[in-house]
Amino acid sequence: MTDQYEYNTNEEKIVKDSNTKEIDLINRDPKQINEDVVKVEFEDVIAEPDGTHSLDSVWKLSYTTFTVSKYWCYRILSAVFGIPVALLWGFLFACISFCHIWAVVPCIKSCLIESQCISRIYSLCIQTFCDPFFEALGKIFSSVRVALRKEV
């Protein structure tokens, strides 16, 4: 855990935990990750084409029912399940981070180290056996001249 230090006017050291930060209660999706996904309005779900209209009072009541039930259902579900689901997601991302830090990256580094060793051995084999062979072929075929003639 990394701590940040601040000093107030009395030169007292104030420790701020880097894991806590101020959250914005107004803009709750600052990176707009749910911009297109969950913005569902009444008009996006229920629509009456021309020539098929219900009574105006039914339409207004349907709109109000949809909007209010969506609002309160979301609030109730998030109040009941929000904290347990956040705990599960926090646990999952902690496990992913742990695996990435303690297993994936060291494994990749190990493979890179081993592949550099194998790459050097492969390069030496190519330089030792293939390069002289292809240089000899190049010298043999370097004296070959090709001439194209068009006969009529």
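Going along each chain's sequence as written, the residues are numbered from 1 onward. Selection of residues for local features in this predicted model requires a pLDDT of at least 70, selection of side-chain atom pairs for listing and counting requires 80 or more, and totals for whole chains, interfaces and linings are taken over all residues. The basis for the side-chain values is all heavy atoms of the structure; hydrogens and waters are excluded.

To keep it simple, the criterion reads: UniProt positions are given in the numbering used here, feature names are shortened, and annotations may be inferred rather than shown by experiment.
Going by the annotation in an unreviewed UniProt entry, the name recorded for the protein is Caveolin, with Channa striata given as the source organism. Quoted verbatim from the Sequence similarities (unreviewed entry) field of UniProt, the annotation for the protein is "Belongs to the caveolin family."

## A word on the UniProt feature "transmembrane region" (unreviewed entry) in the protein
The criterion, for reference: Elements are defined by DSSP. Helices are runs of H or I of four residues or more, strands are runs of E of two residues or more, and each kind is numbered from the N terminus.
UniProt annotation of "transmembrane region" (unreviewed entry) refers to residues 76-103 when read in the numbering used here. Along residues 76-103 one finds 100% helix and 0% strand; the C-alpha atoms at either end are 40 Å apart.

## Let's talk about the packing of aromatic side chains
The cut-off we apply is this: Geometry of aromatic contacts follows a simple scheme: Phe, Tyr and Trp rings, the Trp one being its six-membered ring, pair when their centres are within 6.5 Å, and the pair is stacked under 30 degrees between planes, edge-to-face over 60, tilted otherwise. Exposure classes here rest on a 1.4 Å probe applied to the protein chains alone. A residue is buried below 20% of its type maximum, exposed above 50%, and partly exposed in between.
The tally for this structure, following the rule as stated, stands at 7 aromatic pairs. Measuring from centroid to centroid gives 5.6 Å for phenylalanine 42 and phenylalanine 66, while their planes differ by 65°, and the two rings are edge-to-face. Of the two residues, phenylalanine 42 sits in helix H1 (residues 42-45) while phenylalanine 66 sits in helix H2 (residues 56-141), which places them 24 residues apart along the sequence. For the pair phenylalanine 42 and phenylalanine 66, one class covers both residues: buried.

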